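# Structural overview
Now for the letters of each chain:
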Amino acid sequence: MSTLAALREGYQHFDPRAYLQNNYLPPRADFSSEEFVVPWKLRCLAETFASGEIHGRTLIDVGSGPTIYQLLSACDHFEEIVATDYLAVNREELGRWVRGEPGTFDWSPFIQHVCKIEGRGEPWQEKERRLRDRLRRILPIDVHRPDPLGAPLCPPADALLSAFCLEAVSPDRAAFARALAHVGSLLRPGGHALLLGALGESFYLAGAARLPVVPLAEDDVPDALTGAGFALRDFRSYAMPPALRTGVDDVDGVFFAHAQKPLEA
C-alpha cells in the first residue's frame, strides 16, 4: 500500500503530455461510436447538465489535471469556472490552453462531439471561446487538507466536478472518503457534485511515472458520498472493453455519480 508521502513523490514525475496521449487520443478517444469510453463520459455530463437543474455563479473542478473535456457542458451553466490541480505542470498546461498558445493539446474533436450530442447547432468554436472566457482561475489544491485551497472559497461553489482525481491521489479507501469530505466543504448547501472516476484500477502510467490508484468497487463510491453527507442522485458505470485495455493502466471500468449536498436545516 502506498503512503501519502510516496504518492506525492511519484507525482513529481507526472508527464501531462504522456497522460493526454495515453487517454485522450485513439483508441480511447474514438468518437465513431457511443460504445467508446470518452463519448460515454461526455454523454453522462451532457445529459446531466441538460436537465437545467445544475447552474449558478461558480463551478469548481477539483483535480483538473491537464484536461478540459469535463468542463465542456458545464461552461454553459456557470458564470465562472475555477480549475484546480496539485501539480504546477498541470496548471501551466491548462493556462496555455486558456491563452490559446500554440502547441497545446487539440481538444477540438471533443468540443465538436459535445456540440453534436447537445444538439443546439452551435459552432464548436463558440463553445471553445466561452469555456476560455469563463475559466478564470486555475488554483493549487491539496484534497488531503481539510481546507483544500488553503482558504475558504468565497462564496462557496454552486457545483463541484471532479474527474479521475480522488481515487488516483489517495493511498486507501479511507483517504479517498476523507478527501471527498474535504472537497465537499467547497460546495454550498444544496449544491451539486459530479464525479467521474476509475473502477478496479490499481495503477496508471504518465510518462516515467507509474502511479498507484485505489481500486474502487461500484459500492465504494455511493458509500463514500453518503458518508460525506451527500444524497446520491444518479450513478452509472461503464465496463472497459478489451480493445481499450492498452496497458497504460489496469482499469476495469469507469463510474459517473451525481450527488447533492443537503440544504442546511
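Just so you know, these numbers come straight off a predicted model, no measurement behind them.

## Considering the packing of aromatic side chains
On inspection of all chains with the given rule, the structure shows 15 aromatic pairs. Grouped by ring-pair contacts, the aromatic residues Y11, F14, Y19, Y24, F31, Y69, F105, W107, F110 and Y204 constitute a single cluster.

## Some points on the pairing of strand β9 (residues 253-260)
Counting buried residues along β9, seven of its eight residues qualify, which places the element largely inside the surrounding structure. The pairing of strand β5 (residues 187-199) with β9 spans eight bridges and is classified as antiparallel. By the bridge assignment, L196 is partnered in β9 with F256.

## Observations regarding the packing of helix α5 (residues 108-118) against helix α6 (residues 124-134)
Orientation of α5 relative to α6, taken along the N-to-C sense of each, is 110°, at an axis distance of 9 Å. One way to sum up the angle between α5 and α6 is to call them roughly perpendicular. Contacts from S108, I111, Q112, V114, C115 and E118 of α5 reach α6 at W124, K127 and E128. Residues that form the contact of α5 with α6 fall into these classes: four nonpolar, two polar and three charged.

## Some thoughts on the pattern of salt bridges
A complete count under the given rule lists 26 salt bridges for this structure. Between R17 and E93 there is a salt bridge whose closest N-O contact spans 3.0 Å. Linking R17 in helix α2 (residues 16-23) with E93 in helix α4 (residues 88-98), this pair joins segments that are 76 residues apart in sequence. Judged by relative accessible area, which is 40%, R17 ranks as partly exposed. A relative accessible area of 4% places E93 in the buried class. Between K127 and D76 there is a salt bridge, with the nearest N and O atoms lying 2.7 Å from each other. Here K127 is found in helix α6, whereas its partner D76 is found in the loop between β1 (56-62) and β2 (78-85), with 51 residues between them in sequence. Look at K127 and you get buried, because its relative accessible area is 0%. Connected via shared salt-bridge partners are D76, E118, R120, E122, E126, K127, R129, R130 and D133.

## Comments concerning the packing of helix α7 (residues 173-184) against helix α8 (residues 220-227)
Across the interface, α7 lies against α8 with an axial gap of 9 Å and an inter-helix angle of 45°. Here α8 runs oblique to α7, going by the angle between their axes. Note on packing geometry: the crossing formed by α7 with α8 is right-handed. Counting all contacts with α7, which are made through R173, F176, A177 and L180, the residues of α8 involved are D220, A224 and L225. Among the residues making up the contact of α7 with α8, the classes are represented as five nonpolar, no polar and two charged.

## A short note on empty space enclosed by the protein
Regions of empty space are outlined by a rolling probe, equal in size to a water molecule, passed over the atoms. One pass over the structure, following the stated rule, counts four cavities of 30 Å³ or more. Space inside the largest cavity adds up to approximately 400 Å³. Among the elements that line the lining of the largest cavity, the one with the most residues is helix α1 (residues 4-11), at four residues. There is about 230 Å³ of room inside the second largest cavity. Every residue lining the second largest cavity is counted, 18 residues in all, and those nearest its centre are Y19, N23, F164, E201 and D249. Among the secondary structure elements, those contributing two or more residues to the lining of the second largest cavity are α2, α3 (37-50) and β6 (203-206). Within the lining of the second largest cavity, the residues separate by chemical class into twelve nonpolar, one polar and five charged.

Parameters and conventions
Residues numbered from 1 in each chain as written. Predicted model: local features only at pLDDT ≥ 70, side-chain atom pairs only at ≥ 80, totals over all residues. Heavy atoms only, no water. Phe/Tyr/Trp six-rings, centres within 6.5 Å; stacked < 30°, edge-to-face > 60°. Buried < 20%, exposed > 50% of the residue type's maximum accessible area, 1.4 Å probe, protein only. Helix = DSSP H or I, 4+ residues; strand = E, 2+ residues; numbered from the N terminus. Pairing = 2+ DSSP bridges. Axes fitted to C-alpha atoms, helices over the stretch in contact; angles between N-to-C directions. Parallel < 35°, antiparallel > 145°, perpendicular 65-115°, else oblique. Contact = heavy atoms within 4.5 Å. Nonpolar A, V, L, I, M, F, W, Y, C, P; charged D, E, K, R; others polar. Salt bridge = Lys/Arg side-chain N within 4 Å of Asp/Glu carboxyl O. Left-handed = near helix turned anticlockwise from the far one by under 90°. 1 Å grid on protein atoms, 1.4 Å probe; cavity = no way out; pocket = protein on both sides within 12 Å on 5 of 7 lines; lining within 4 Å. Points joined across faces, edges and corners; volume = space filled by probe spheres on them.

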